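Close look at the chain arrangement
The residues making up each chain are set out below.
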Amino acid sequence: MYGNAYIDPNEKANLILAEEDPQKLAEFEARIDRGEKIEPKDWMPKEYRKQLIRMIEQHAHSEIIGALPEGTWITRAPGFKRKLALMAKVQDEVGHAQLLYSAAETLGKSREAMINDLITGKSKYSNVFNYPAFTWADACVIAWLIDAGAIINQVANAKGSYGPYCRALDRICTEESFHLKYGHDNVVTLATGSSIQRDMVQGALIRWWPPIMHFFGPSDKISQHTEILMKWKVKMASNDDMRQQFLDMYVPKIWDLGLSIPDPLLKKNTATNKWEYTEPDWDEFKRVINGDGPCNAERLAVRRHAEEHGRWVREALNNVGSKYIVPLA
Ligand code: BYC
């Protein structure tokens, strides 16, 4: 419809909006301004539907792919209780994906199509899960700080405008709060343990800091979707605001543990009440989210394997006449 030439996403959104019935659009936006929830059968602009599918689907993919780096530590977690807790956490993350795929399905995209877009590399998922968890400390830093970042994002967006997404986020946040405590407890154990344990957790923090700074999305100056998503209350805070909130809440906690953050410019400017930091490397971010991170190929290969090897289960469930179902006598 718009040819193949590059069009800025906001400009494209405006072109699509211009095709909408102006009265319906005004009523829709008035409902959002009044803080009402939009439900699946309600009228919504095509662009709202498209943006929600994109964001919820990416979020769902992030949960199942996110289970992989921590999942590799289940068999090696130190001690029975930590193994049990990690197993429960990984199961929770996969459960979050189920809730989110269901929320995205209410907008008309099938789960099969979403999974297909993931394994063919068409859909994105969170940058952070394309990095390896080399040591047990990496798994602990993920559970503490990535889950912390996720909670900041999700608590805000749970107050957003699309009913099914908000309800899924409410439930997810409850479980994530438990993950955060588990992660914090693990990091405290390492940071207050032997010098080898301290070095291990310090090393993990150095590795994970840049991906964590990227996690909240590109800076507001270059973010493509924030404007329209905030207007429609899908996103309740901008990427930079979420990053600031994370720094406010977690930098003091990290420093309290005697750990250092690998950014010489990181400090709170008392005049502006904002954190200053080295601008994250957005070229690296773009490479990683577009398929060229250290673990992208490995992560997608695992999902493809799961998809192929689980096909018979889905076929059996969808088809009672399947050769896999033995009829009851
Ligand atoms: N990673 O215009 P922007 C978890 C993309 S899982 C990858 O600012 P937007 C956990 C963005 O998609 C929780 N891509 O985008 C699980 C866009 O590309 P497209 C994960 C990113 O949507 C297991 C382009 O960059 N949380 O916690 O306004 C174990 C321009 O960006 C990222 C969610 O998914 C990224 N970090 O804002 C442990 C939350 N950031 O689509 C833990 C839901 C940006 O145009 N998502 N991009 O090709 C969101 O809240 C928003 O999508 C974002 C980005 C804030 C992430």
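Conventions adopted
- Residues numbered from 1 in each chain as written.
- Predicted model: local features only at pLDDT ≥ 70, side-chain atom pairs only at ≥ 80, totals over all residues.
- Heavy atoms only, no water.
- Core = buried A, V, L, I, M, F, W, Y, C linked by side-chain atoms within 4.5 Å.
- Buried < 20%, exposed > 50% of the residue type's maximum accessible area, 1.4 Å probe, protein only.
- Helix = DSSP H or I, 4+ residues; strand = E, 2+ residues; numbered from the N terminus.
- Contact = heavy atoms within 4.5 Å.
- Salt bridge = Lys/Arg side-chain N within 4 Å of Asp/Glu carboxyl O.
- Polar contact = N/O pair within 3.5 Å; in protein donor to acceptor, adjacent residues only side chain to side chain.
- Expected span 1.5 Å × (residues − 1).
- Bend = angle between axes of the 7 residues up to and from the residue.
- Near = heavy atom within 4 Å.
- Areas by Shrake-Rupley, 256 points an atom, 1.4 Å probe, with all protein chains shown as cover.
- Nonpolar A, V, L, I, M, F, W, Y, C, P; charged D, E, K, R; others polar.

The next thing to look at is the nonpolar core. Core analysis: the largest hydrophobic core is formed by 86 residues, its most contacted members being Y48, W209 and F246. Here the element with the most residues in this core is helix α6 (residues 136-157); it accounts for 13 residues. If we ignore the near neighbours within four places in the chain, the residues touching F246 are L145, A148, G149, I152, W209, I212, F216 and V251.

Mapped onto the elements, L17 comes out in helix α1 (residues 9-18). The exposure class assigned to L17 is buried, which follows from its relative accessible area of 11%. Along the backbone, L17 and P69 are 52 residues apart, and their C-alpha atoms lie at a distance of 40 Å. In this view, L17 contacts L25, P45, I228 and W232; residues no more than four positions away in its chain are not counted.

With that settled, consider the pattern of salt bridges. Scanning the entire structure with this criterion turns up 19 salt bridges. Here D42 and R31 are joined by a salt bridge, their closest N and O atoms 3.0 Å apart. With a gap of 11 residues between them, D42 in the loop between α2 (22-33) and α3 (46-71) and R31 in helix α2 connect regions that are remote in the sequence. Classification of D42 by relative accessible area gives partly exposed; the value is 24%.

This part takes up the side chain of N269. Along the polypeptide, N269 turns up in strand β1 (residues 267-269). Here the side chain of N269 touches A271 through a polar contact of 2.8 Å, landing on its backbone nitrogen. Of note is the side chain of N269, whose polar atom sits 3.2 Å from the backbone nitrogen of T272. Apart from the residues within four sequence positions on either side, N269 is in contact with K274 and E276.

It is worth spelling out helix α8 (residues 195-215) at this point. Relative to the 30 Å expected for 21 residues at 1.5 Å per residue, α8 spans 30 Å between its end C-alpha atoms, a close match to the ideal helical length. Along α8, the helix axis deviates most sharply at W208, where the bend reaches about 40°; the proline P210 sits within four residues downstream. Among the residues of α8, V201, Q202, A204, L205, W208, W209, P211, I212, M213 and H214 are the ones counted as buried. G217 sits one or two residues past α8 and shows a positive phi near 100°.

Lining the immediate surroundings of the ligand are 37 residues, of which K124, N153, Q224, H225 and K235 lie closest. Side-chain polar atom of N153 to an oxygen atom of the ligand: 2.7 Å apart, as the coordinates give it. Within the backbone of Q224, one N or O atom sits 2.7 Å away from an oxygen atom of the ligand. Look at the ligand: alone it shows 1000 Å² of surface, and the protein chains cover 92% of it. When residues of the shell around the ligand are traced back to their parent elements, those giving at least two are α3, α4 (80-105), α6, α8, α9 (226-231), α10 (239-256) and α11 (282-292). In terms of residues, the shell around the ligand owes the most to one element, α3, which gives 8 residues. Partitioning the shell around the ligand into residue classes produces 13 nonpolar, 16 polar and 8 charged.

Don't take any of this as a statement about function, it's just geometry.
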